[in-house]
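Chain and residue survey
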Amino acid sequence: MRTIFWDGCVKLIDQTLLPDKFEIIECRRVEELADAIKRLAVRGAPALEAAGGYGVALAAHERDFSSVDELKEHVKRAAEFLASTRPTAVNLFYGIERVLKAAMDGNSVEEVRQLALSEAEKIADEDVERNKQMGKHGAKLLEDGFTVLTYCNTGRLATVDWGTALGVIRSAVEEGKKIKVIACETRPLNQGSRLTAWELMKDGIEVTLITDSMAGIVMQKGMVDCVIVGADRIVRDAVFNKIGTYTVAVLAKEHGIPFYVAAPATTFDWGREAKDVVIEERSREELIYCNIKCKQSLIAPSDVKVYNPAFDATPLKYVTALITEKGVIYPPYEENVPKILGF
Ligand SMILES: CSC[C@H]1O[C@H](OP(=O)(O)O)[C@H](O)[C@@H]1O
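Residues numbered from 1 in each chain as written. Predicted model: local features only at pLDDT ≥ 70, side-chain atom pairs only at ≥ 80, totals over all residues. Heavy atoms only, no water.

This paragraph deals with the packing of aromatic side chains. Scanning the entire structure with this criterion turns up 4 aromatic pairs. Each ring, one from phenylalanine 268 and one from phenylalanine 343, has its centre 6.0 Å from the other, and the planes form 45°; the classification is tilted. Of this pair, phenylalanine 268 sits in the loop between β10 (259–262) and α10 (285–288) while phenylalanine 343 sits in the segment after α11 (333–341), and the two are 75 residues apart along the sequence. Residue phenylalanine 268 is classed as buried on the basis of its relative accessible area of 8%. An aromatic cluster is built from Phe268, Trp270 and Phe343, whose rings are joined through pairwise contacts. The side chain of lysine 132 reaches across the aromatic face of tryptophan 162, ending 4.6 Å from its centre. (Phe/Tyr/Trp six-rings, centres within 6.5 Å; stacked < 30°, edge-to-face > 60°. Helix = DSSP H or I, 4+ residues; strand = E, 2+ residues; numbered from the N terminus. Buried < 20%, exposed > 50% of the residue type's maximum accessible area, 1.4 Å probe, protein only. Lys NZ or Arg CZ within 6 Å of the ring centre and 35° of its normal.)

Pasting the structure below:
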């Protein structure tokens, strides 16, 4: 089953309930999908790209319209609303803009609806295919018997299907290589423990869960052959990814361990630099409660000051190679990224 798909409305796996409950959310209105994005029921840059696209298509279908002009105005407003949900993953805006552009070519209500949904479906289908391509290219970097350290969740649940960094691991395993994974839990929302461990165990891929603070000792003990992470936005001088990625990258450099980033071309925002990117800051409740879902078990004084950035920026000097659907890109990035990705 895909992470997000169209079935008369937008349907998606509610990732906030995993690993203990597997439920599908049905979004019949854009507001419902926007809420799902904001509370990370659907999350992960490529999954957000599809969510953005499906969200624009949903806007065109969510009610009746007296004219194609009224419909187009409604869709434009919905696109702006969807773009306001999360600021850092550039894929979200790519998906929204791509479907909005397609929809504007329609000359009737029915045509706008058809064009929007068709483009949103193309985005979803393309994501699965490019993840498989990325997996093939990246699998060449993993030797039989490797142990790979991962951060956050970059698997099926972070994409429409297959995954980016976890997709590379899946592809290597599919080729017959024995790959073990050390998954960082990834505080505060535990995408690593709740989602990555769940995905890998379902696939029968050996995974060991560690706290984020253990990343150093496993590298120091020689337990890690390489690190593979995903990305939310790659700019000319840095990779934006889940908070804590920068720490892992510096540790990997210190221990001479390859640090790879797997991301599709739509995660690249090559015209910008790190200083131009907004890092999402999330609620204090994510840090002061053990379980954000039911706001139980305080693990900090309820009125303590909190800083909760959802992402950090890893300078490209810490990145051994960028794994994309077009191939593996090595430094010098300023020369090779535009050449291979055609920017
Ligand atoms: C395959 S991209 C996944 C990327 O997205 C995650 O962020 P979030 O869970 O907040 O959407 C994280 O940065 C992952 O690396």
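Having put the structure on the table, let's press on.
Another point: the UniProt feature "active site" (unreviewed entry) in the protein. Under the local residue numbering, the UniProt record ascribes the feature "active site" (unreviewed entry) to Asp232. Positionally, aspartate 232 belongs in the loop between β7 (226–229) and β8 (233–235). Ignoring any residue separated from it by four or fewer positions in sequence, one finds aspartate 232 in contact with Ala45, Thr88, Ala89, Val90, Asn91, Phe240, Asn241, Lys242, Thr267 and Phe311. (UniProt positions renumbered as here; feature names shortened; annotations may be inferred. Contact = heavy atoms within 4.5 Å.)

All right, on to the pattern of salt bridges then. All told, the structure shown has 30 salt bridges when counted by the stated rule. Residue glutamate 126 pairs with arginine 98 through a salt bridge whose shortest N-O separation is 2.7 Å. Of the two residues, glutamate 126 sits in helix α5 (residues 109–139) while arginine 98 sits in helix α4 (residues 90–103), which places them 28 residues apart along the sequence. Across the pair arginine 130 and aspartate 127 runs a salt bridge, and its minimum N-O distance is 2.9 Å. Separated by 3 residues within a single helix, arginine 130 and aspartate 127 lie in helix α5, roughly one turn from each other. (Salt bridge = Lys/Arg side-chain N within 4 Å of Asp/Glu carboxyl O.)

Judged by nonpolar contacts, the single largest core of 47 residues is most densely connected at Ile4, Val10, Leu12 and Tyr54. Looking at this core, the elements with two or more residues in it are β1 (4–6), β2 (10–13), β3 (24–27), α1 (30–38), α2 (45–61), α3 (68–83), α4 and α5. Considering every element that reaches this core, the biggest residue donor is α2, with 11 residues. Leave out the neighbours within four places in its chain, and valine 10 touches Ile4, Phe5, Ile25, Glu26, Cys27, Leu33, Tyr54 and Leu58. Core analysis: the second largest hydrophobic core is formed by 33 residues, Val227, Ala249, Trp270 and Leu322 among them. (Core = buried A, V, L, I, M, F, W, Y, C linked by side-chain atoms within 4.5 Å.)

What follows covers the site of the ligand. Around the ligand lies a shell of 18 residues, among which Arg43, Arg86, Asp232, Asn241 and Lys242 are the nearest. Side-chain polar atom of arginine 43 to an oxygen atom of the ligand: 2.8 Å apart, as the coordinates give it. Glycine 44 is positioned with one of its backbone polar atoms (N or O) 2.8 Å from an oxygen atom of the ligand. Notes on the ligand: free accessible area 400 Å², of which the protein chains cover 100%. (Near = heavy atom within 4 Å. Polar contact = N/O pair within 3.5 Å; in protein donor to acceptor, adjacent residues only side chain to side chain. Areas by Shrake-Rupley, 256 points an atom, 1.4 Å probe, with all protein chains shown as cover.)

A few words on the UniProt feature "binding site: substrate" (unreviewed entry) in the protein. Under the feature "binding site: substrate" (unreviewed entry), the UniProt entry names Arg43, Gly44, Ala45, Arg86, Gln191, Asn241 and Lys242. Topologically, arginine 43 is positioned in the loop between α1 and α2. For arginine 43, a relative accessible area of 3% translates into the label buried. With near-sequence residues (within four places) excluded, arginine 43 lies in contact with Gln15, Leu48, Arg86, Cys152, Asn153, Leu157, Ala158, Gln191 and Leu195. Relative to the assigned elements, arginine 86 resides in the loop between α3 and α4. Each residue touching arginine 86, except ones within four places of it in the same chain, is listed here: Ile37, Leu40, Arg43, Leu48, Leu92, Phe93, Lys242, Glu280, Arg282 and Phe311. Within the structure, arginine 86 has its side chain in polar contact with the side chain of glutamate 280 (distance 2.9 Å).

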